[in-house]
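Chain by chain, the residues run as shown.
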Amino acid sequence: MKRFPLFVLTLAGLLLSGLLGAQTQPTADKIGYLNARAVVEAHPQFAKVREVQARAEAELNPLQAELQSLENKIRAGNATTQEQQTYRTLVQNLQAASQKWAEQQNSVLQPITQDIDKIVSRVAKEQGFAMVLDQEVAASSGLVVYAAQGLDLTPAIVQALPNK
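Computed from a predicted model, the values in this text were never measured in an experiment.

Help me out: how do you make sense of the overall build of the protein chain in this one?
Looking only at helices and strands, the protein chain features six helices and two strands. Along the protein chain, from the amino end to the carboxyl end, the secondary structure elements read α-β-α-α-α-β-α-α. By residue count, 33% of the 164 residues in the protein chain fall in the buried class. Restricting to contacts in the protein chain with at least 6 residues of sequence separation, those with at least 24 account for 87%. Carbon and sulfur atoms form 53% of the exposed surface of the protein chain, whose accessible area is close to 9,900 Å².

See below:
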């Protein structure tokens, strides 16, 4: 979906908010990173998120297609008053449906991110990391321009995930 970058930022925020808040006195000075998207997608419960996304797309795609068709007519000046009203109604329906699906996705995603947050905290402490950054957010923001492979906690986090 088009909201995937927002999904990644929200996910990174959820993962790191608990991790950073939980560490009041860091005992190490290493800073590591992880690929939050890869970790979340590796979680055994992520299939539920994919199900919600598939149902959302099944509902939203036809609305978006109909909306696009009406928008083209309106731009060309060929839309009737009824079509313009239908367009406004569809915009409202699409917004409401998008909000509903975002809330459902977040409710399914929240337990996953909470579980991962606990695992990240544990693995980071075990390996002596004082801070863990999301690789994608750090790279896209320009915050981090280089990080050694040895600081990547993604494989350790994925391995620590529950099996089912």
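So what exactly am I meant to see when it comes to the nonpolar core here?
Note on soluble globular proteins: their nonpolar side chains tend to be buried together. Counting residues in each nonpolar core, the largest one holds 18 residues, and the members touching the most others are Leu34, Val40, Ile116, Val120, Val132, Leu153 and Ile157. Counting residues per element, the ones that place at least two in this core are α2 (36-42), α3 (46-76), α4 (81-126) and β2 (129-134). What leucine 34 contacts, discounting residues up to four positions off in sequence, is Val39, Val120, Val132, Leu133, Asp134, Gln135, Asp152, Thr154 and Ile157. In this structure, Val52, Leu67, Leu94 and Ala97 belong to the second largest nonpolar core, which totals eleven residues.

What is the right way to read the side chain of histidine 43 from this model?
Relative to the assigned elements, histidine 43 resides in the loop between α2 and α3. The class of histidine 43 is buried, set by a relative accessible area of 6%. Discounting chain neighbours no more than four positions away, the residues touching histidine 43 are Ile112, Asp115, Ile116, Leu161 and Pro162.

Sorry if this is basic, but what is going on with α3 here?
Each turn of an α-helix holds 3.6 residues, which means side chains three or four residues apart point in the same direction. Between its first and last C-alpha, α3 extends 43 Å over 31 residues, near the 45 Å set by a 1.5 Å rise per residue. Along α3, the helix axis deviates most sharply at leucine 60, where the bend reaches about 30°; the proline proline 62 sits within four residues downstream. For α3, every residue scored as buried is listed here: Phe46, Val49, Val52, Gln53, Ala56, Leu60, Leu63, Leu67, Leu70 and Glu71.

Cut-off values and rules
- Residues numbered from 1 in each chain as written.
- Predicted model: local features only at pLDDT ≥ 70, side-chain atom pairs only at ≥ 80, totals over all residues.
- Heavy atoms only, no water.
- Helix = DSSP H or I, 4+ residues; strand = E, 2+ residues; numbered from the N terminus.
- Buried < 20%, exposed > 50% of the residue type's maximum accessible area, 1.4 Å probe, protein only.
- Contact = heavy atoms within 4.5 Å.
- Areas by Shrake-Rupley, 256 points an atom, 1.4 Å probe, with all protein chains shown as cover.
- Core = buried A, V, L, I, M, F, W, Y, C linked by side-chain atoms within 4.5 Å.
- Expected span 1.5 Å × (residues − 1).
- Bend = angle between axes of the 7 residues up to and from the residue.

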